[in-house]
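Structural characterization, general
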Amino acid sequence: MLDKLCRDPSHLERLLQWKLLEERNLKVLKFLKLENIHDVEEWKENIYWLMKLTENCGFQCETFALAVHILDSFQGFVKLQGKYLKCATLSAFYIAIKVLEEEEFVPPLSTFVNFTGGKFTENDIKRMEKIILEKTNWDVNHVTICTFLEIFFSFICTLHFKTLFGSDTLAYSIYRNLANQAQQCLCATSLFQFKSSLKALALLSCTLEKITSRWFLYIEKIAACAKIDLQEMLACRDIIKNVIFGQIKKPRVPRLRKFIQRQSLYVSRRSPLSPIVENPFELEMMKRFSDFSKPLETVTECDVLNEELNRLQKICLDDIQQPSPAKRRKILTCGIESKLNACLMSPVKPLPA
């Protein structure tokens, strides 16, 4: 990781902008566009072999990532196969060791040849190393996924160290785990289409998701600083989850279907209810009405019906004697009311003098 003295947000922001200008895409993408699957598979075998060699020798993950980029840039100029590709892989790895590792940890070439199993001689590696440096114009210090992962993780430590980690030991162990996962990202062909900065941010988001549920707030600030599209980052994040953690994003079932399934389960469990008969004579009445609604089949029934209709039409309403309205009975007042009226109508007698 970066030194504690480098945990300055302004310094990290300038460093990030500088590294973004140097970022390059892997040239192995050309093999995928040309559908040279055999070349890609052979390239992957060498990368996996190089990753095991890095673990056995105890070198940093950044060294492995730089070796992959050096080999990739060299293959953009010269197409290699078979034993020449393996020799170029070892030579690129030895160049990366001399660039990134400290001098005391850089092994002599003879020791390095013994580490690799003695498949190639010292002269073979020296000759291939010279060819790589000439073809790449000595431009071997590439920006890798580990470079951006280091900067992004330093951003998190600078702004939210106490909230997320709390101790240097925990932060360092998390970073080492992230670096190991970055090695697997370099070997996945499904991630070749994404840039190193995008893969580093997506990988960091997967780790922060396990630490806090508010991981998106931390990632959003870094994405705005690095000018990374969040939708593209989320797409890369899903692929990383599938490659590293084996998690496949399940498609969401629409809520309407869920409700229908749930309702069908509930309905099937219910026992059928017995019908309630409100009127026991309802069936008989319906039968009679159905008999009336049937068309008349015989001729005699039609004649009788027509005669009855003619008779009813001839009847006049004036001929019908209507009963006279009954006279109202006179309502007699009660005794109390009659007495009161009598008192009111009688003259007032003068008082005696």
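Thresholds applied
- Residue indices follow the written sequence of each chain, beginning from 1 at its first position.
- pLDDT decides what is reported in this predicted model: residues at 70 or higher carry local features, side-chain atom pairs at 80 or more are listed and counted, and totals for whole chains, interfaces and linings draw on all residues regardless.
- Excluded from the side-chain calculations are hydrogens and water; all other atoms, namely the structure's heavy atoms, are used.
- UniProt positions are given in the numbering used here, feature names are shortened, and annotations may be inferred rather than shown by experiment.
- Only centres within 6.5 Å qualify two rings of Phe, Tyr or Trp (six-membered ring in Trp) as a pair; their planes then separate them into stacked at under 30 degrees, edge-to-face at over 60, and tilted for everything else.
- Starting at the N terminus, helices and strands are each numbered in turn, a helix being any DSSP run of H or I of at least four residues and a strand any DSSP run of E of at least two.
- For every residue, the accessible area (1.4 Å probe, protein chains only) is compared with the maximum for its type, and the residue is labelled buried under 20%, exposed over 50%, or partly exposed between those bounds.
- In this analysis the charged atom, NZ for Lys or CZ for Arg, is taken to sit over a ring once it is within 6 Å of the ring centre and within 35 degrees of the ring normal.
- The rule for a salt bridge is simple: a side-chain nitrogen of Lys or Arg has to be within 4 Å of a carboxyl oxygen of Asp or Glu.
- Simply put, an axis is a line fit to the C-alpha atoms, just over the touching stretch for a helix, and the angle between two N-to-C directions goes from 0 to 180 degrees.
- Any angle from 65 to 115 degrees is called roughly perpendicular, while one under 35 is roughly parallel, one over 145 is roughly antiparallel, and all others are oblique.
- Each helix crossing is assigned a hand: it is left-handed if the near helix lies turned anticlockwise from the far helix by less than a right angle, otherwise right-handed if that turn is clockwise.
- The criterion used for residue contact is that any of the two residues' heavy atoms lie within 4.5 Å.
- As a working rule, the residues Ala, Val, Leu, Ile, Met, Phe, Trp, Tyr, Cys and Pro are called nonpolar, Asp, Glu, Lys and Arg charged, and the rest polar, with Gly in that last group.
- Nitrogen and oxygen atoms within 3.5 Å of one another constitute a polar contact, given that in protein one can donate a hydrogen and the other can accept it, and given that sequence-neighbouring residues count only through two side-chain atoms.
- What is meant by a nonpolar core is a set of buried Ala, Val, Leu, Ile, Met, Phe, Trp, Tyr and Cys residues, joined one to another through side-chain atoms within 4.5 Å.
- Those domain boundaries reflect an automatic or database domain assignment.

Per an unreviewed UniProt entry, the protein chain goes by Cyclin-I and derives from Hydra vulgaris. The record in UniProt for the protein chain states the following under Sequence similarities (unreviewed entry): "Belongs to the cyclin family."

Attention shifts here to the packing of aromatic side chains. Under the counting rule described, the total for this entry stands at nine aromatic pairs. Between Trp 43 and Phe 192, the aromatic rings sit 5.3 Å apart at their centres with planes inclined by 80 degrees, giving edge-to-face as the arrangement. Taken together, the positions of Trp 43 in helix α3 (residues 37-57) and Phe 192 in the loop between α9 (168-187) and α10 (196-211) put the pair 149 residues apart, joining distant regions of the chain. Of the two residues, Trp 43 and Phe 192, both sit in the buried class. Put simply, the rings of Phe 59, Phe 93, Tyr 94 and Phe 112 pair up and form one aromatic cluster. The lysine or arginine in question, Lys 86, covers the ring of Trp 49, its NZ or CZ lying 4.8 Å from the ring centre. The ring centre of Trp 215 lies 4.0 Å from the NZ or CZ of Arg 237, which sits over that ring.

Once that is clear, we can look at the pattern of salt bridges. Per the stated rule, a full pass over the model turns up four salt bridges. With its nearest N and O atoms 2.2 Å apart, the salt bridge here joins Glu 209 to Arg 237. Separated by 28 residues along the polypeptide, Glu 209 in helix α10 and Arg 237 in helix α12 (residues 230-245) bring together distant segments of the chain. The partly exposed category is assigned to Glu 209, whose relative accessible area is 34%. For Arg 237, a relative accessible area of 6% translates into the label buried. When salt bridges that share partners are traced, they join Glu 209, Arg 237 and Lys 241 into one network.

α9 packs onto helix α8 (residues 145-164) with a crossing angle of 155 degrees between their chain directions and a minimal axis gap of 10 Å. Here α8 is positioned roughly antiparallel relative to α9, judged by the angle of their axes. Between α8 and α9 the crossing geometry is right-handed. In this structure, α8 uses Ile 145, Cys 146, Leu 149, Glu 150, Phe 153 and Phe 161 to contact α9, whose residues at the interface are Asp 168, Ala 171, Ile 174, Tyr 175, Leu 178, Ala 179, Ala 182, Cys 185 and Leu 186. Partitioning the contact of α8 with α9 into residue classes produces 13 nonpolar, no polar and two charged.

Another aspect to go through is unusual backbone geometry. Leaving glycine aside, a negative phi is the common case for residues, and trans is the common case for peptide bonds. Notably, Asn 137 is not glycine yet its phi reads approximately 60 degrees, a positive angle. The exposed category is assigned to Asn 137, whose relative accessible area is 63%. Although it is not a glycine, Lys 227 sits at a positive phi angle of roughly 60 degrees. Mapped onto the elements, Lys 227 comes out in the loop between α11 (215-226) and α12. On the basis of relative accessibility, which here comes to 72%, the residue Lys 227 falls in the exposed class.

Now for the environment of Leu 100. With respect to the helices, strands and loops of the structure, Leu 100 is situated in helix α5 (residues 83-100). With a relative accessible area of 35%, Leu 100 lands in the partly exposed category. For Leu 100 and Phe 59, which are 41 residues apart along the polypeptide, the C-alpha to C-alpha distance reads 9.7 Å.

To continue, consider the environment of Lys 241. Here Lys 241 is to be found in helix α12. Placed 35 residues apart in sequence, Lys 241 and Cys 206 show a C-alpha to C-alpha distance of 7.5 Å. Within the structure, the side chain of Lys 241 is placed 3.1 Å from the side chain of Glu 209, a separation counted as a polar contact.

By size, the foremost hydrophobic cluster in this structure holds 87 residues, and its most contacted members are Phe 152, Phe 153, Phe 165, Leu 204 and Ile 240. Counting residues per element, this core draws most heavily on α8, which supplies twelve residues. Taken domain by domain, this core gets at least three of its residues from each of domain 1 (32-136) and domain 2 (145-245). With sequence-adjacent residues up to four places away left out, Leu 204 is seen in contact with Leu 149, Phe 152, Phe 153, Ile 156, Leu 178, Ile 219 and Ile 222.

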